[in-house]
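Understanding the architecture of this molecule
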Amino acid sequence: MLRDLWQVARSRLGFLAFLIFFLPIGTGAAGGLFSTIANDWYASGDTVALVNGVLGGLAAAAGCITGGYVCDRMDRKMAYGLYGMLQAFAAIAMAIAPRTESMFVLFTLTYGLINGLAYAGFTAVTLEAMGLGAAATKYTLFASLSNVPIGYMIFVDGWVQTHWGSGAMLCAEAAICLTSLLGFVLVATATKRTASR
């Protein structure tokens with residue numbers, strides 16, 4: 001099993017999968033803080049419960065189904081990066097949109113839908129990279145590694161929100177995601193040139 005894991009990590013595809021899961025691309029970390037920042041959008045407790053509960057779950061499920069469908073029709077890493085980019089744009093749009101309850105509902109559900117897309121992209125990249133042997137172990141390892149950027153982004157988001165407010169938090173998450181995505185593209189391009197030689 002360890003030999004099989006090492007083979008995955010040594011391959012270009014495995015290396016890129018490990019890298020993309022350590023980067024804060026499509027983590028959905030801000031979604032974990034939406035109930036905390038709801039007052040800035042004048043959202044009632046009932047509204048927050050509804051959009052973070054049943055409606056949020058339905059939006060994420062729709063995103064998962066759609067994301068899986070798209071991942072089967074294009075490069076999985078590219079799809080995952082695209083979903084991360086969409087999530088960053090949704091965060092920026094929420095930051096600059098009017099601070100009303102209806103905007104909170106709209107952007108919370110949009111963010112949840114895109115988070116579902118990112119879940120599907122994560123799963124597609126993982127399944128592509130891990131190969132056949134020790135599938136359960138490798139999937140669990142990838143899934144546990146993906147919790148690292150979620151954890152540190154929640155910390156960063158919370159710190160920025162405390163010091164500069166909700167709009168800055170959303171913009172910071174977007175900026176970190178887009179910067180990480182650019183870094184991933186540069187590494188993927190460099191390793192592709194090396195592999196082709």
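The following paragraphs examine the structure supplied in this document. (Residues numbered from 1 in each chain as written. Predicted model: local features only at pLDDT ≥ 70, side-chain atom pairs only at ≥ 80, totals over all residues. Heavy atoms only, no water.)

What to know about the packing of helix α2 (residues 12-22) against helix α8 (residues 135-145)
Put simply, the rule reads: To define axes, lines are fitted to C-alpha atoms, for helices over the stretch in contact only, and angles between the resulting N-to-C directions are given on a 0 to 180 degree scale. Helix and strand assignments follow DSSP, with helices taken as H or I runs no shorter than four residues and strands as E runs no shorter than two, numbered in order from the N terminus. Contact criterion: two residues are considered in contact whenever any of their non-hydrogen atoms come within 4.5 Å of each other. In this classification, the charged set is Asp, Glu, Lys and Arg, the nonpolar set is Ala, Val, Leu, Ile, Met, Phe, Trp, Tyr, Cys and Pro, and all remaining amino acids, among them Gly, are polar.
Their axes nearest at 8 Å, the elements α2 and α8 cross at an angle of 35 degrees. Two secondary-structure elements touch here, α2 through Ala-17, Phe-18, Phe-21 and Phe-22 and α8 through Leu-141, Phe-142 and Leu-145. Split by residue class, the contact of α2 with α8 holds seven nonpolar, no polar and no charged.

Considerations on the layout of surface pockets
Over the atoms a probe the size of a water molecule is rolled, and this reveals where empty space is left. Rule in force here: Throughout, the protein atoms alone are placed on a 1 Å grid, and a set of points is a cavity if a 1.4 Å probe fits but cannot get out or a pocket if it is open with protein on both sides within 12 Å along at least five of seven lines; lining residues have an atom within 4 Å of a point. Grid points are joined across faces, edges and corners, and a volume is the space filled by probe spheres set on the points.
Computed from the structure, the largest pocket encloses a volume of approximately 350 Å³. Lining the largest pocket are 14 residues, with Asp-75, Met-78, Phe-184, Val-185 and Ala-188 positioned closest to its centre. Sorting the residues of the lining of the largest pocket by element identifies α2, α6 (76-96) and α10 (166-196) as the ones contributing at least two each. Counting residues per element, the lining of the largest pocket draws most heavily on α10, which supplies six residues. Of the residues that constitute the lining of the largest pocket, the class distribution is eight nonpolar, two polar and four charged.

Section: a nonpolar patch on the surface
Cut-off, in case you're wondering: Here, patches come from residues exposed beyond 30% relative accessible area and free of salt bridges, joined within 9 Å for like charges and within 5 Å for nonpolar side chains (Val, Leu, Ile, Met, Phe, Trp, Tyr). Each accessible area is a Shrake-Rupley estimate made with a 1.4 Å probe; only the visible protein chains count as cover when residues are assessed. Take a side-chain nitrogen of Lys or Arg and a carboxyl oxygen of Asp or Glu: if they are within 4 Å of each other, that pair is a salt bridge. Burial here depends on accessible area, computed with a 1.4 Å probe over protein chains only, as a share of the maximum for the residue type. Under 20% is buried, over 50% is exposed, and the range in between is partly exposed.
A surface patch of nonpolar side chains, amounting to about 360 Å² of accessible area, comprises Leu-50, Val-54, Leu-55 and Leu-58. Here the element with the most residues in the nonpolar patch is helix α5 (residues 54-71); it accounts for three residues. Relative to the helices and strands, Leu-55 resides in helix α5. By relative accessible area, which is 31% here, Leu-55 ends up partly exposed.

Some points on the packing of aromatic side chains
Here is the rule we go by: Paired rings are identified among Phe, Tyr and Trp, the last through its six-membered ring, by centres lying within 6.5 Å, and are further divided according to the angle between planes into stacked (under 30 degrees), edge-to-face (over 60) and tilted (the rest).
Here the structure, examined in full by the defined rule, presents nine aromatic pairs. Taking 6.1 Å as the distance between ring centres and 75 degrees as the angle between the ring planes, the aromatic pair formed by Phe-21 and Tyr-80 counts as edge-to-face. Here Phe-21 is found in helix α2, whereas its partner Tyr-80 is found in helix α6, with 59 residues between them in sequence. The same class applies to Phe-21 as to Tyr-80, namely buried. Between the aromatic rings of Phe-122 and Tyr-139, the centroid separation amounts to 6.2 Å while the plane-to-plane angle is 70 degrees, which identifies the pairing as edge-to-face. In this pair, Phe-122 sits in helix α7 (residues 101-130) while Tyr-139 sits in helix α8, placing the two residues 17 residues apart along the sequence.

Some details on the side chain of Ser-166
As a reminder of what qualifies: We call two N or O atoms a polar contact when they sit within 3.5 Å, provided that within protein one can donate a hydrogen and the other can accept it, with sequence-adjacent residues counted only if both atoms are side-chain atoms.
Inspection of the secondary structure puts Ser-166 in helix α10. The exposure class of Ser-166 is buried, given its relative accessible area of 3%. Reaching out from Ser-166, the side chain makes a polar contact with the side chain of Gln-161 at a distance of 3.3 Å. Those residues in contact with Ser-166 that lie beyond four places of it in its chain are Ile-37, Asp-40, Trp-41, Arg-99 and Gln-161.

With respect to the nonpolar core
Put simply, the rule is: Residues enter a nonpolar core if they are buried and are Ala, Val, Leu, Ile, Met, Phe, Trp, Tyr or Cys, with the set joined through side-chain atoms within 4.5 Å.
Formed by 49 residues in total, the largest nonpolar core has its most connected members in Phe-21, Ile-25, Phe-34, Tyr-80, Phe-104, Phe-142 and Leu-170. Where this core is concerned, the elements lending two or more residues are α2, α3 (34-37), α4 (45-52), α6, α7, α8 and α10. Residue contributions to this core peak at 11 residues, all from α7. Ignoring sequence-local partners within four residues, the contact set of Tyr-80 consists of Ile-20, Phe-21, Ile-25, Gly-26, Ala-118, Gly-121, Phe-122 and Val-125.

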